[in-house]
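One letter stands for each residue in the lines below.
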Amino acid sequence: MDQQEMKKIAAQAALKFVTPNTIVGVGSGSTVNCFIDALASIKEQIKGAVAASKASEDRLRAIGIEVFNANEVAELDVYIDGADEITPQGAMIKGGGAALTREKIVSSLAKKFVCIVDSSKQVDVLGSTFPLPVEVIPMARSYVARQLVALGGSPEYREGVVTDNGNVILDVYNFKIMEPLKMEHTINNIAGVVTNGIFAQRFANVTIVGTPNGALILE
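Heads up: these notes are all about the structure in this document. All of these numbers come straight from a predicted model, not from anything done at the bench.

1. Some points on the overall build of the protein chain
Across its full length, the protein chain holds 6 helices and 14 strands. Taken over the C-alpha trace, the protein chain has a radius of gyration of 17 Å; the compact-globule value for 219 residues is 17 Å, and the two agree within 12%. The C-alpha extent of the protein chain, read off along each of the three principal axes, is 50 × 40 × 30 Å. The 219 residues of the protein chain split such that 54% are buried. By sequence separation, contacts in the protein chain at least 24 residues apart represent 72% of the contacts at least 6 residues apart. Here the protein chain has roughly 9900 Å² of accessible surface; of this, 49% comes from carbon and sulfur atoms. In the protein chain, the 20 positive side-chain charges and the 24 negative ones have mean positions that sit 2 Å from each other.

2. So, the sheet that holds strand 6 (residues 92–93)
The sheet built from 3 strands is open, its strands ordered 5-6-12 with antiparallel pairing. Two strands bound the open sheet, and with one partner strand each, they are strand 5 (85–86) and strand 12 (198–199). As paired elements, strand 5 and strand 6 share 2 bridges and run antiparallel to each other. The partner of Ile86 across the bridge, within strand 6, is Met92.

3. As for the side chain of Ser53
Take Ser53: it is sitting in the loop between strand 2 (48–51) and helix 3 (54–62). At 3.1 Å, the side chain of Ser53 forms a polar contact with the backbone nitrogen of Ser56. Here Ser53 is in contact with Gly27, Ser28, Ala99 and Asp164, once residues within four sequence places are set aside.

4. As for the environment of Val24
Within the secondary structure layout, Val24 lies in strand 1 (residues 23–26). Non-local contacts of Val24, meaning those with residues more than four positions away in its chain, are made with Val18, Phe35, Ile46, Gly48, Ala49, Val50, Leu76, Val78 and Ile80.

Calculation notes
- Residues numbered from 1 in each chain as written.
- Predicted model: local features only at pLDDT ≥ 70, side-chain atom pairs only at ≥ 80, totals over all residues.
- Heavy atoms only, no water.
- Helix = DSSP H or I, 4+ residues; strand = E, 2+ residues; numbered from the N terminus.
- Rg over C-alpha atoms; globule rule 2.2 N^0.38 Å.
- Buried < 20%, exposed > 50% of the residue type's maximum accessible area, 1.4 Å probe, protein only.
- Contact = heavy atoms within 4.5 Å.
- Areas by Shrake-Rupley, 256 points an atom, 1.4 Å probe, with all protein chains shown as cover.
- Lys, Arg positive; Asp, Glu negative; His and termini not counted.
- Charge placed at Lys NZ, Arg CZ, Asp CG, Glu CD.
- Pairing = 2+ DSSP bridges.
- Polar contact = N/O pair within 3.5 Å; in protein donor to acceptor, adjacent residues only side chain to side chain.

Structure follows, in structure tokens:
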């Protein structure tokens with residue numbers, strides 16, 4: 001079974017966490033695209049969605065789901081999103097698709113965060129296989145890069161990428177993150193950083209792993 005099929009298995013299993021007559025928080029990325037496709041089968045049962053990227057907004061509208069602005073909702077029952085890496089404790093690295101800031105905003109509105117992944121995304125230590133994305137105000141790019149080097153990382157400017165918020169991305173390589181919550185706060189305190197891709201303060205409450213033997217639900 002290929003990776004795409006495992007993503008579809010995890011996405012389909014996430015439908016059980018969607019409460020009828022609510023607005024659903026929807027993330028972004030390839031696994032979330034599978035979830036949006038699955039959501040089409042129950043779109044008449046929900047009020048709509050709040051999306052974490054313009055790409056997800058477009059995909060939701062294309063299948064006839066009403067999209068709400070995050071400012072229009074006080075809270076969400078559930079937020080469904082993928083991850084680039086996730087630990088057994090539910091801490092994640094996200095931001096491969098450069099939507100990390102909006103993902104943090106929408107996930108913070110939710111009572112429950114359900115993360116959908118294939119098994120390749122499971123790690124014991126964050127930074128093991130994927131660089132850490134950091135969204136940065138453009139004029140602060142060089143300064144922030146120097147601070148990330150001082151923290152032990154090797155930042156690289158993601159050429160040609162502008163976030164939905166008009167900012168740039170630094171991808172930090174060679175960065176084993178032993179204390180995710182502490183590092184999340186440390187990087188966010190660097191002047192010029194909008195946010196970073198460590199999701200430890202808002203960790204996943206449920207992880208759904210797509211496997212060749214079906215969906216593995218970890219709560």
